[in-house]
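Secondary and tertiary structure notes
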Amino acid sequence: MLQPRPLGRARLDTATRCALFLCGLAGLWEVWLVRRLWFWYDDWSFLLKRHLSHDTWWNLFHPHNEHWSTIPVVLWRAMFTLFGFDYLPYALMPISAHLVTCLVLFVVLRRTGAGPGPAVATMALLLFLGAGSTTIFWAFQIGFLGAVALGFGALAMIADSAPTGRRRALVWAMLSASLMCAGVGISMVAFAAFFSLMRHGLRSALLVASAPTAAYVVWYAAIGHVGNSGQYANPMLMVPAILIGLAVLWEHIVMVPHTGLLVFVLFCVVAWRGRRHPRLRMLAVAGLAALLVNLILITLTRAVDGFVFAAVADRYAYVGILLTLPAFAYTTQLAWERIREQMLGLRLLGLALVAVLIVPGAWMQYGYTAKQVVLEAGFKQRIAAARAMLADGEPLVSRQVDPLVAPDLTTGFLRDPAITGRLPTSRASARQRLNEAANLQVAVGDRSLHLGGPAAVRVSDVVELHSSGGCVRGAATGRTTIELSATEPAQVWLSTAAGDLGVSLIRDGLTSSTRHWQREAYEPFWVGWSAASSTVKLSLPAGRFTMCGIGAAVETSAR
C-alpha cells in the first residue's frame, strides 16, 4: 500500500540547482571584476542632471537621447541619496538585472520545451557573455538590462497560455515598465507580440502589445519627441548596416572571422524547418523577428552620415545575442536529442559548450574590466586637481574636467557643495594637475576667446616656413611641432590639413598627456590657453598650415 508523500517544500530538479549555482558563480565573478571601476560617460548625466527636487516631472520623463528612462532615473536618484559616489552599489544594479534575465531566460526555455541540458547551456552563455561586458559592467546600462529583464518576465507569463485578467494586466505592466527603462523595450514588446501571435493567435498578440504601445505613444507625443534629433539613416544604407550587424553578432562568441552570418543563417534554417518542440520553435522564430526590429531601430537612429557599422557597437551586442538565444537553445535541443543515447557524445558536447561558452566569455569580461581600469586611471585625481584649480582661482578657458571619461562633468558642478561634499577625497600629483590644466586651461574651437598673442613661438621640423604680418605659413612634415609661450592668457588662429592635432602643456620640466582633435582640411580654428608660466605644444598633421595672431619673433628649426 502506497503511503502518502509527506508535505514539505518541493525539491528543485538538478537543472534548476545547476542554474542557480551558475548564477551564484557568475554573480561573485562579476562583482569581483567590477570592484575597481568607477563612474564614466553617461553615468554622470544621471548623477548630475536628473535631480527630482526641482522640475520633477521634466526630469522624470524627459528622454535620455531618445530613450524613455524614467525607471533608471528613479533608481539613480535613490542610489545617489543613499550611497553618493560609491560606485559598487550602482554597479550591482545591472549585474543583478543581468542575473535575473539569465534565470528568467532559463524558466522561459524550460516552459517552452527546452531540455535541462540545452536550457542550462544557453543560460551559461548569457551569464558569462564576454561580448556583453559593456552592458553588464556599466552602471548606466541598467536601462538596457532592466528592459530585457522585464521583457523576459512578460514572456514567462505568456509561455504557457494566453494571459487573461490579472495576468494580462501584469504582462502589460511589465512591458510598459520595460519601455520606461530604455528604447530596447520596443524590441521586447515586439518579441512578446510575435511570440503571442504564433502561440495564441492575432487577437492575443494585439492585446499583449496594446497597453504598452498606447503608453509609449502618449509619452512620445507628450515629451519623448524632444529627444528625437530628426536625423535618420539613409534607407539605402540600412540593409548593409543590418547585414553587418547580423554578421558580426555571433563572431563575438565563435571568435572565428566571417562565421557570424553563417551561424545566424543556421539558426534561421533550423527554426524554419524544425518540427519538434513547437513552443520552443515559436520562441526562436519570435526572437529572430525581434532581433530584426532591434537592428532596424539601431540603424535607423544610429547609422547616420553613412556609418553602416552602428549596429556592431559593443553596447548593442548583449541585446542582439540575447534575442538569438532561443534559436541557439532550439538548435542545441535538436542536436542534444540526436546524441542523447551516446553518453560519450553528450559528455563531449557538454565539455565543448563549457570550453566555447564559459571560459572565453569569462576571460573577455576580465579583459574588458582591465581595459576600463586603464581608461579611468587617475580620473579621481583629475577631479581633485580641477577642484584645487578652482579653489586657487586659476583662470580657465574650458569647462569639461575630462571630455573623454565624463563629458557631463563640468566645473560648474564642482562649485556645487551638494556635489563636492560627497566626492571622494584624493590628492593630485604635479603631473596629474598639469594633465588637468591641459583640459581646463587649453581650448581648441571655432570661436575666438578674444585674447592676446603669444610672447614666444618656436616651430620645429618644418618645410618652407614664411613669416609676415603676424602670420606664419609652411608645410608640416607629420613631425612638425609648434611651441607657444605667454605670460598672460593668449590664443592663435590656425588652419591645417586634415588629420590629428595634438595639444600638450609643458611646465616646470613636465609635459602633460597629449589631447587630440580631429580637424577637417583647412577649416580655421582657434587655440587658446590660460595656464601661467606654461608652454603649449602643438603637433600638426602633415600638409600646408597657416598660423596667425603672432606678435613675437618666430624661432624656427626648418628642414
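Calculation notes
Residues numbered from 1 in each chain as written. Predicted model: local features only at pLDDT ≥ 70, side-chain atom pairs only at ≥ 80, totals over all residues. Heavy atoms only, no water. Helix = DSSP H or I, 4+ residues; strand = E, 2+ residues; numbered from the N terminus. Buried < 20%, exposed > 50% of the residue type's maximum accessible area, 1.4 Å probe, protein only. Areas by Shrake-Rupley, 256 points an atom, 1.4 Å probe, with all protein chains shown as cover. Lys, Arg positive; Asp, Glu negative; His and termini not counted. Charge placed at Lys NZ, Arg CZ, Asp CG, Glu CD. 1 Å grid on protein atoms, 1.4 Å probe; cavity = no way out; pocket = protein on both sides within 12 Å on 5 of 7 lines; lining within 4 Å. Points joined across faces, edges and corners; volume = space filled by probe spheres on them. Nonpolar A, V, L, I, M, F, W, Y, C, P; charged D, E, K, R; others polar. Phe/Tyr/Trp six-rings, centres within 6.5 Å; stacked < 30°, edge-to-face > 60°. Lys NZ or Arg CZ within 6 Å of the ring centre and 35° of its normal. Expected span 1.5 Å × (residues − 1). Contact = heavy atoms within 4.5 Å. Disulfide = S-S within 2.5 Å. Patch = residues over 30% accessible without salt bridge, like charges linked within 9 Å, V, L, I, M, F, W, Y side chains within 5 Å. Salt bridge = Lys/Arg side-chain N within 4 Å of Asp/Glu carboxyl O. Core = buried A, V, L, I, M, F, W, Y, C linked by side-chain atoms within 4.5 Å. Axes fitted to C-alpha atoms, helices over the stretch in contact; angles between N-to-C directions. Parallel < 35°, antiparallel > 145°, perpendicular 65-115°, else oblique. Left-handed = near helix turned anticlockwise from the far one by under 90°. pLDDT = per-residue confidence, 0-100.

With respect to the overall build of the protein chain
The helix and strand inventory of the protein chain stands at 21 helices and 13 strands. Along the three orthogonal principal directions, the C-alpha set of the protein chain runs to about 110 × 50 × 45 Å. Here the protein chain holds 559 residues, and 51% of them are scored as buried. As displayed, the protein chain has an accessible area near 25600 Å², and 62% of this comes from carbon and sulfur atoms. Counting 46 positive and 30 negative side-chain charges, the protein chain places the centres of these two groups 13 Å from one another.

Re the layout of surface pockets
Looking at the largest pocket, its volume works out to about 630 Å³. Along the walls of the largest pocket sit 24 residues, with D402, P403, L404, N439 and R515 positioned nearest its centre. Mapped onto the lining of the largest pocket, the elements with two or more residues apiece are β1 (400–402), α21 (430–440), β3 (442–445) and β9 (515–519). Here the lining of the largest pocket is built from residues that sort into 11 nonpolar, nine polar and four charged.

Some details on the packing of aromatic side chains
Tallied over the entire structure, the rule returns 31 aromatic pairs. A centroid spacing of 6.2 Å and a plane angle of 55 degrees characterise the contact between F39 and W76, whose relative ring orientation is tilted. With a gap of 37 residues between them, F39 in the loop between α1 (14–34) and α2 (43–49) and W76 in helix α4 (residues 70–83) connect regions that are remote in the sequence. The same class applies to F39 as to W76, namely buried. Directly above the aromatic system of F80 lies the positively charged group of R422, at a separation of 5.0 Å from the ring centroid. The residue whose ring lies beneath R519 is F525, and the NZ or CZ to ring-centre distance is 4.2 Å.

Details of helix α9 (residues 165–179)
For the α-helix, the turn length of 3.6 residues means that residues three or four positions removed from each other point alike. The terminal C-alpha atoms of α9 lie 21 Å apart, and with 15 residues this matches the ideal 21 Å at 1.5 Å per residue to within 8%. Listed as buried for α9 are V171, M174, L175, S176, A177, S178 and L179. Where α9 is buried, its residues meet α4, α8 (142–158), α10 (184–200) and α11 (202–222).

Concerning the state of the cysteines
Evaluation of the coordinates by the stated rule reveals one disulfide. Each sulfur in the disulfide pair C471 and C548 lies 2.0 Å from the other. Because the torsion about its S-S bond is 115 degrees, the bridge between C471 and C548 counts as right-handed. Taken together, the positions of C471 in strand β5 (residues 471–486) and C548 in strand β12 (residues 543–548) put the pair 77 residues apart, joining distant regions of the chain. By the burial criterion, C471 is buried, and C548 matches it. Free cysteine C18: the closest other cysteine sulfur is in C23, separated by 9.8 Å.

So, a nonpolar patch on the surface
Together, L197, M198, L202 and L206 line one region of the surface with nonpolar side chains, adding up to about 360 Å² of accessible area. Counting residues per element, the ones that place at least two in the nonpolar patch are α10 and α11. By secondary structure assignment, the location of M198 is in helix α10. Looking at M198, the relative accessible area reads 31%, which means it is partly exposed.

Describing the nonpolar core
In this structure, W44 and L538 are the most contacted members of the largest nonpolar core, which totals 158 residues. Looking at this core element by element, the count peaks at 13 residues for helix α5 (residues 87–111). When near neighbours in sequence (up to four residues on either side) are disregarded, W44 contacts W38, F39, K49, F85, F379, I383, V405, A406, D408 and L409.

A short note on the packing of helix α18 (residues 379–391) against α21
Two elements in contact, α18 and α21, have axes separated by 9 Å at closest approach and are oriented at 70 degrees. If you check the angle between α18 and α21, you find them roughly perpendicular. Crossing angle aside, the handedness with which α18 passes α21 is right-handed. Together, Q381, R382, A385, A386, A388 and M389 of α18 and Q432, R433, E436, A437 and L440 of α21 make up the contact between the two elements. Residues that form the contact of α18 with α21 fall into these classes: six nonpolar, two polar and three charged.

Description of α8
The end-to-end C-alpha distance of α8 is 24 Å, a good match for the 24 Å that 17 residues give at a rise of 1.5 Å each. Of all 17 residues in α8, 15 are buried; the element is thus mostly enclosed.

Structural notes on the confidence of the model for the protein chain
This prediction gives the protein chain a mean pLDDT of 85; 91% of its residues lie at or above 70. The secondary structure element of the protein chain with the lowest average pLDDT is strand β13 (residues 554–558), at 71, and the one with the highest is α5, at 95. Note on residues 1–8: pLDDT is under 50 here. Beyond four places in sequence and across chains, it has zero contacts.

Section: the packing of α9 against α11
One can describe the packing of α9 onto α11 by two numbers: an axis separation of 9 Å at closest approach and a directional angle of 40 degrees. Between α9 and α11, the angle falls in the class oblique. Once α9 is placed against α11, the crossing between them reads as right-handed. Between α9 and α11, the contacting residues are R168, V171, W172, L175, S176 and L179 on the first element and L207, V208, S210, A211, P212, A215 and Y216 on the second.

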